[in-house]
Amino acid sequence: MPQGSSHRVVLMVDENSNPFEMSCAIEVFGLPRPELGRDLYDFRLCAAEPLTRMRDGFFTLTGVAGLSAAEEADTLIVPNRPDTEVPRAERVLDVVRRAHARGARLVGFCSGAFTLAEAGLLDGRRAACHWMWAEAFHSRFPGVRLEPDVLFVDDGDILTASGSASALDLGLHIVRRDHGAEIANHVSRRLVFAAHRDGGQRQFVERPVPDVPDESLGPLLAWAQERLGEPLTVADLAARAAVSPATLHRRFRTQLGTTPLAWLTGERVALACRLIERGEERLDVVAARSGLGTAANLRARLRRETGLSPSDYRRRFGPPRPPLLPAHDASSGPVTISPRRGTVSA
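Computed from a predicted model, the values in this text were never measured in an experiment. (Residues numbered from 1 in each chain as written. Predicted model: local features only at pLDDT ≥ 70, side-chain atom pairs only at ≥ 80, totals over all residues. Heavy atoms only, no water.)

Q: Which residues make up the environment of alanine 113, and what are the values?
A: Structurally, the position occupied by alanine 113 is in helix α3 (residues 112-118). For alanine 113, a relative accessible area of 0% translates into the label buried. Between the C-alpha atoms of alanine 113 and leucine 159, which are 46 residues apart in sequence, the distance is 8.9 Å. (Helix = DSSP H or I, 4+ residues; strand = E, 2+ residues; numbered from the N terminus. Buried < 20%, exposed > 50% of the residue type's maximum accessible area, 1.4 Å probe, protein only.)

Q: Report on helix α1 (residues 19-30), specifying residues and quantitative values.
A: Within α1, the full set of buried residues consists of Glu21, Met22, Cys24, Ala25, Val28 and Phe29. Taken down its axis, α1 places every buried residue within 155° of arc, on the same side. (Arc of directions from axis to C-beta.)

Q: Can you explain the side chain of arginine 81? Please cite residues and give values.
A: By the element assignment, arginine 81 lies in the loop between β5 (75-77) and α2 (90-101). A polar side-chain atom of arginine 81 sits 3.1 Å from a polar atom in the side chain of aspartate 14. A distance of 3.0 Å separates a polar side-chain atom of arginine 81 from the backbone oxygen of proline 87. (Polar contact = N/O pair within 3.5 Å; in protein donor to acceptor, adjacent residues only side chain to side chain.)

Q: Explain the nonpolar core to me, using residue names and the numbers behind them.
A: Judged by nonpolar contacts, the single largest core of 34 residues is most densely connected at Met12, Leu76, Val96, Leu106, Leu122 and Phe137. Contributing elements (two or more residues each) for this core: β1 (8-13), α2, α3 and α4 (134-140). By residue number, the principal contributor to this core is α2, which donates five residues. (Core = buried A, V, L, I, M, F, W, Y, C linked by side-chain atoms within 4.5 Å.)

Q: Account for the packing of helix α7 (residues 218-225) against helix α8 (residues 234-241), with residues named and values stated.
A: In contact at an axis separation of 10 Å, α7 and α8 are set at 130° when each is read in the N-to-C sense. Classified by the angle their axes make, α7 and α8 are oblique. The chirality of how α7 crosses α8 is right-handed. Here Leu220, Trp223 and Ala224 of α7 lie close against α8, whose contacting residues are Leu237, Arg240 and Ala241. Class assignment of the residues belonging to the contact of α7 with α8 gives a composition of five nonpolar, no polar and one charged. (Axes fitted to C-alpha atoms, helices over the stretch in contact; angles between N-to-C directions. Parallel < 35°, antiparallel > 145°, perpendicular 65-115°, else oblique. Left-handed = near helix turned anticlockwise from the far one by under 90°. Contact = heavy atoms within 4.5 Å. Nonpolar A, V, L, I, M, F, W, Y, C, P; charged D, E, K, R; others polar.)

Q: For the packing of aromatic side chains, give the residues involved together with the corresponding values.
A: Enumeration according to the criterion identifies six aromatic pairs in this entry. Aromatic side chains phenylalanine 114 and phenylalanine 141 sit 6.1 Å apart centroid to centroid with 75° between the ring planes, which places their arrangement in the edge-to-face category. Of this pair, phenylalanine 114 sits in helix α3 while phenylalanine 141 is found in the loop between α4 and β8 (145-146), placing the two residues 27 residues apart along the sequence. This pair shows no difference in class: phenylalanine 114 is buried, exactly as phenylalanine 141 is. (Phe/Tyr/Trp six-rings, centres within 6.5 Å; stacked < 30°, edge-to-face > 60°.)

Q: Explain the sheet that holds strand β6 (residues 105-109) to me, and be specific about the residues and the numbers.
A: Taking strand neighbours across the sheet as the criterion, the six strands line up as β2-β1-β5-β6-β10-β9 in an open arrangement whose pairing is mixed. Lying at the two open borders of the sheet, with one neighbouring strand each, are β2 (42-47) and β9 (152-154). On average, each strand axis in the sheet is tilted by 15° relative to the strand beside it, whichever way the strands run. (Pairing = 2+ DSSP bridges.)

Q: Could you give an account of the pairing of strand β10 (residues 158-161), with specific residues and numbers?
A: Within a regular strand, side chains alternate between the sheet's two faces. Here β10 shows two buried faces, one formed by Ile158 and Thr160 and the other by Leu159 and Ala161. Where β6 lies against β10, four bridges are found, and the strand directions are parallel. Note on β10: the bridge partner recorded for leucine 106 is isoleucine 158. As paired strands, β9 and β10 are joined by three bridges and run antiparallel to one another. Opposite valine 153, over in β10, you have threonine 160 as the bridge partner. The hairpin formed by β9 and β10 contains three residues between the paired strands, and glycine 156 there has a positive phi angle of roughly 85°.

Q: Before we move on, could you go through the pattern of salt bridges and cite the residues and values that matter?
A: Side-chain pairs of opposite charge can arise where the charged atoms are in close proximity. Within this structure, the stated rule accounts for 25 salt bridges. Residues aspartate 42 and arginine 44 are paired through a salt bridge, measuring 3.2 Å at the closest nitrogen-oxygen approach. Assessed through its relative accessible area of 35%, arginine 44 is described here as partly exposed. Note that arginine 97 is salt-bridged to glutamate 90, the shortest N-O span being 2.8 Å. Residue class for arginine 97 comes out partly exposed when judged on its relative accessible area of 27%. (Salt bridge = Lys/Arg side-chain N within 4 Å of Asp/Glu carboxyl O.)

See the structure below:
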């Protein structure tokens, strides 16, 4: 896990790169975090050329580091751009290959999956890309296990996001993976963005102009988030919204790209993570307060969502524990503590 700002994230831009994804990376990884009392990452921007013409010539990027900065990246965000049929520069691909060979984490936003595939790093692996380019991607790189209708894919040391907005989803997922749910929530609140959308949600979510009455799920979600520890069911959510469970399911699919049950479970796991991070060690208490019911269910859900057991999650993201005093041999006499100097003597 990155410690303080020692973990270096480097974003590479290339000719015709998208400025939106560049901004997403800066927002998530590059901004100072005075509200947290520390910065999360050491963020750098680099480019192959001293003058880089961004997408459609909207502006030219200057004054950033050269490709040598990418050689020191712990996490490297590879270039993305809409002209996916144009091959990437070989020296850019070489930098990506070297980063992977030395164990750096690689991230592709939107069409960044093309860069990773051209570098030969996605064969036999799972990846996501924008639905507009899914067919072209599959035709060019049939050896990649493309998941064409998800927000992002976390395949361990290589992570890919499907589209522009999902760059934020993947960025927050990385922060959550590195620093825990509580820190990710701080970052998402500053972004005024959903703290956690699971990568398996659909890319394309219909957002029609609502008829009257307003069918937004916002009030229902806020109501449920305040009651996660209660035995809420999908039927309870439907009753609160005054609709049938089938109608509620359709609204969740349309507005959130997921099901009511999956959303509710995800919120409960996120709450359980925050409780562990805040120091609660009793698994039965965490399970009850988060609505997951039993410690066994908590263990299963937490491992599925984070890949960690509760004890591993606590060691990684929980508050530091005070050091234990050395064991005292009772035969050596009583232990006294001097209140004036805080010394221990036998």
